[in-house]
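Descriptive analysis of the structure
Okay, here's what each chain looks like letter by letter:
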Amino acid sequence: MAALPPDVLFPLPYRTGGAKKTEFPHLTKYVTTTHGKKHNIAGTAEKMGDLRKHIVNTCVNNGSSPAPNEAFVDGTLKQYIKLIAMAQGHMPIHSGNIPKLVFAWKTAWDENVEVKSDNANLEMISLVYNMGATYAHIGRNEIITNGNSGNSEGVKNAFKYFQLAAGVYEYGITLVQRLPQEDITSDLSADAMQLCQKVCLTQAHHCSYLKAVVDMKGKTSIISKIAVEAANQYAQTAEAVRALSSVAKTTTGTKLIGSCETYVHFFTARAHFLHGNDKLSTEDIGDAMGRFNFALEAISSAERVATGSSGDKNLINAVGHLRYHVSDLHGKAVHENETVHFERATKEFPPLDALGKCMGKATPCPSLTTFKADPSQPQEADPFHGIVPSHV
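Time to look at the overall build of the protein chain. A tally of helices and strands in the protein chain yields twelve helices and three strands. For the protein chain, the C-alpha atoms occupy an extent of roughly 95 × 40 × 35 Å along the three principal directions. For the protein chain, the residues scored as buried account for 52% of the 392 residues in total. Within the structure as shown, the protein chain displays about 17700 Å² of accessible surface, and the carbon and sulfur contribution to it stands at 51%.

The next subject is the environment of alanine 42. With respect to the secondary-structure elements, alanine 42 resides in helix 2 (residues 42-58). For alanine 42 and glutamate 283, which are 241 residues apart along the polypeptide, the C-alpha to C-alpha distance reads 76 Å.

All right, on to the pairing of strand 2 (residues 103-106) then. Pairing geometry for strand 1 (residues 16-17) and strand 2, over two bridges, is antiparallel. Bridge pairing in strand 2 links glycine 17 to tryptophan 105.

Our focus in this paragraph is the pattern of salt bridges. Summed over the entire model, instances satisfying the criterion amount to eleven salt bridges. Linking aspartate 74 and lysine 78 is a salt bridge whose minimum nitrogen-to-oxygen distance equals 3.4 Å. Note that aspartate 74 and lysine 78 are positioned in helix 3 (residues 70-90) at a spacing of four residues, about one turn of the helix. We note a salt bridge from arginine 242 to glutamate 239, for which the minimum N-O separation is 3.0 Å. Note that arginine 242 and glutamate 239 are positioned in helix 7 (residues 220-243) at a spacing of three residues, about one turn of the helix.

If you walk through the whole model with that rule in mind, you get three cavities of 30 Å³ or more. Volume-wise, the second largest cavity comes out at about 40 Å³. In terms of lining residues, the second largest cavity is bounded by Phe10, Val199, Thr202, Gln203, Tyr234, Thr237, Leu256, Ser259 and Cys260. Of all the secondary-structure elements, those providing two or more residues to the lining of the second largest cavity are helix 6 (190-215), helix 7 and helix 9 (251-281). Classifying every residue of the lining of the second largest cavity gives five nonpolar, four polar and no charged.

Here we take up the sheet that holds strand 2. Spatial ordering of the open sheet is given by 1-2-3, a layout of three strands whose pairing is antiparallel. Looking at the sheet topology across the chains shown, the edges are occupied by strand 1 and strand 3 (114-117).

Looking now at helix 9. With 31 residues, helix 9 should reach 45 Å at 1.5 Å per residue; the first-to-last C-alpha distance of 45 Å fits that figure. Glutamate 283 sits one or two positions beyond helix 9 and adopts a positive phi of about 60 degrees.

A separate point is helix 2. In this model helix 2 runs 24 Å from its N-terminal to its C-terminal C-alpha over 17 residues, within 8% of the 24 Å that 1.5 Å per residue would give. For helix 2, the full list of buried residues reads Thr44, Ala45, Met48, Leu51, Arg52, Ile55 and Thr58. Taken end-on, helix 2 shows its buried residues confined to a sector of 155 degrees, consistent with a single buried face. Relative to its buried face, helix 2 has exposed residues pointing more than 90 degrees away, namely Glu46 and Lys53. The inward-facing, buried residues of helix 2 contact helix 1 (25-35), helix 3, strand 2 and helix 4 (120-146).

This part takes up unusual backbone geometry. In most cases, non-glycine residues show a negative phi, while peptide bonds are predominantly trans. One non-glycine residue, serine 95, lies in the positive phi region at around 55 degrees. Secondary-structure assignment places serine 95 in the loop between helix 3 and strand 2. Judged by its relative accessible area of 59%, serine 95 falls in the exposed class. Of note, glutamate 283 is a non-glycine position whose phi angle comes to about 60 degrees, a positive value. The residue glutamate 283 is located in the loop between helix 9 and helix 10 (285-310) in this model.

Once that is clear, we can look at the layout of surface pockets. Its volume calculated, the largest pocket comes out at about 700 Å³. Around the largest pocket sit 30 residues that line it, and Pro11, Pro13, Asn61, Asn62 and Thr252 are the ones nearest its centre. Per element, the largest residue contribution to the lining of the largest pocket is four residues, and it comes from helix 9.

Bringing the confidence of the model for the protein chain into the picture now. Mean pLDDT over the protein chain: 91, with 93% of residues reaching 70 or higher. Of all the helices and strands in the protein chain, helix 12 (residues 378-381) carries the lowest mean pLDDT, 60, while helix 7 carries the highest, 98.

It is worth spelling out the environment of isoleucine 387 at this point. Note that isoleucine 387 resides in the segment after helix 12. Note on isoleucine 387: relative accessible area 2%, which makes it buried. Each C-alpha atom of the pair isoleucine 387 and histidine 90 lies 6.0 Å from the other, and the pair is 297 residues apart in sequence. Here isoleucine 387 is in contact with Val31, His35, His39, Ile41 and His90, once residues within four sequence places are set aside.

All right, on to the packing of aromatic side chains then. Under the criterion given, the structure shown has twelve aromatic pairs. Between phenylalanine 24 and tyrosine 80 the ring centres are 6.2 Å apart and the planes differ by 90 degrees, which places this aromatic pair in the edge-to-face class. Residue phenylalanine 24 is located in the loop between strand 1 and helix 1, and its partner tyrosine 80 is located in helix 3; the two are separated by 56 residues in the primary sequence. When the centroid spacing of 6.3 Å and the interplanar angle of 80 degrees are considered together, the rings of phenylalanine 266 and phenylalanine 267 count as edge-to-face. When its relative accessible area of 0% is taken as the criterion, phenylalanine 267 is described as buried. By way of ring pairs, the aromatic residues Tyr209, Tyr234, Tyr263, Phe266 and Phe267 are connected into one cluster. One residue, lysine 160, lies across the ring of tyrosine 161, its end atom 4.5 Å from the ring centre. Across from the ring centre of phenylalanine 267, 5.1 Å away, lies the NZ or CZ of arginine 270, which sits over that ring.

Rules used throughout
Residues numbered from 1 in each chain as written. Predicted model: local features only at pLDDT ≥ 70, side-chain atom pairs only at ≥ 80, totals over all residues. Heavy atoms only, no water. Helix = DSSP H or I, 4+ residues; strand = E, 2+ residues; numbered from the N terminus. Buried < 20%, exposed > 50% of the residue type's maximum accessible area, 1.4 Å probe, protein only. Areas by Shrake-Rupley, 256 points an atom, 1.4 Å probe, with all protein chains shown as cover. Pairing = 2+ DSSP bridges. Salt bridge = Lys/Arg side-chain N within 4 Å of Asp/Glu carboxyl O. 1 Å grid on protein atoms, 1.4 Å probe; cavity = no way out; pocket = protein on both sides within 12 Å on 5 of 7 lines; lining within 4 Å. Points joined across faces, edges and corners; volume = space filled by probe spheres on them. Nonpolar A, V, L, I, M, F, W, Y, C, P; charged D, E, K, R; others polar. Expected span 1.5 Å × (residues − 1). Arc of directions from axis to C-beta. Contact = heavy atoms within 4.5 Å. pLDDT = per-residue confidence, 0-100. Phe/Tyr/Trp six-rings, centres within 6.5 Å; stacked < 30°, edge-to-face > 60°. Lys NZ or Arg CZ within 6 Å of the ring centre and 35° of its normal.

Right under this line is the structure:
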């Protein structure tokens, strides 16, 4: 079979840092004023500021920052989440209790909307959202880097990361209830988290198709079913975006719908292409030409969507690449037919069978807000040890 065309998966948008900086010396001042100088958290507060700055500089939507990796998740995001959760256990970081300590973020789907709050739960859930987006970005980068190498290891890694991302968003759904109503936005709601989970599971299924093409050569029937299921999953995802008007009305949401609808036609074309290639190899030329014709019709639909609501040049190129491969084999089939077989192209086929299930499954995310303390080293386990949580 012809080489796989490059696939471009939609990047989930990050929550980006707001205009107002979060200044953790205010936390140190609160502890000193309220609990006395015996509790010195200046070093911890400085570390929290450094971690947050690194997160804000990395989680950007213009692609100018270094590509995120798993070390960023483990060494920065999770560490900062842990410190925020521990601080919440000892101090009332909400309702103006700590003067001048404010957390500011721009919403993921619309960076023109900025939310500022003195509630640390906004910070916590924003971080969890970005953790899911980071795993999704890592998976996407695996596809860009290794998805067309002919080696399925990169695709397997991408599959893993999209499932991790889906698990983080599933966990996020349980956290959004902590937010006060005024802090719930288009990206931080149970429905929005569920949408992000759906996107990631659909992209995980996308990876399962890419892996099957490499590892299951010759098994056209099963690969085709995975492709048709991918088309179905993308159709469901597009509908899920439309159902969430707060996302659908944004520019980024419109692009996501366009990307999903492009892949609906793209994977339909791939399924027909697979069957057409099979028929060509067995010299069933009439069916081969018919399948290629159906594939080219689906590609035309993909091109219309990709150049319209999607506007993604890389995706447009991917569709063009697929057209090149289908047209090449279609031309060979027509030439062989005109010189040897003289058959008519088949105009009707039974509906393409789908797999009937999404191959992506959310990997459960362990709690990020509960910790096991080491009694022998309480200060190391909890840098806020000894500060009595008077707000409880």
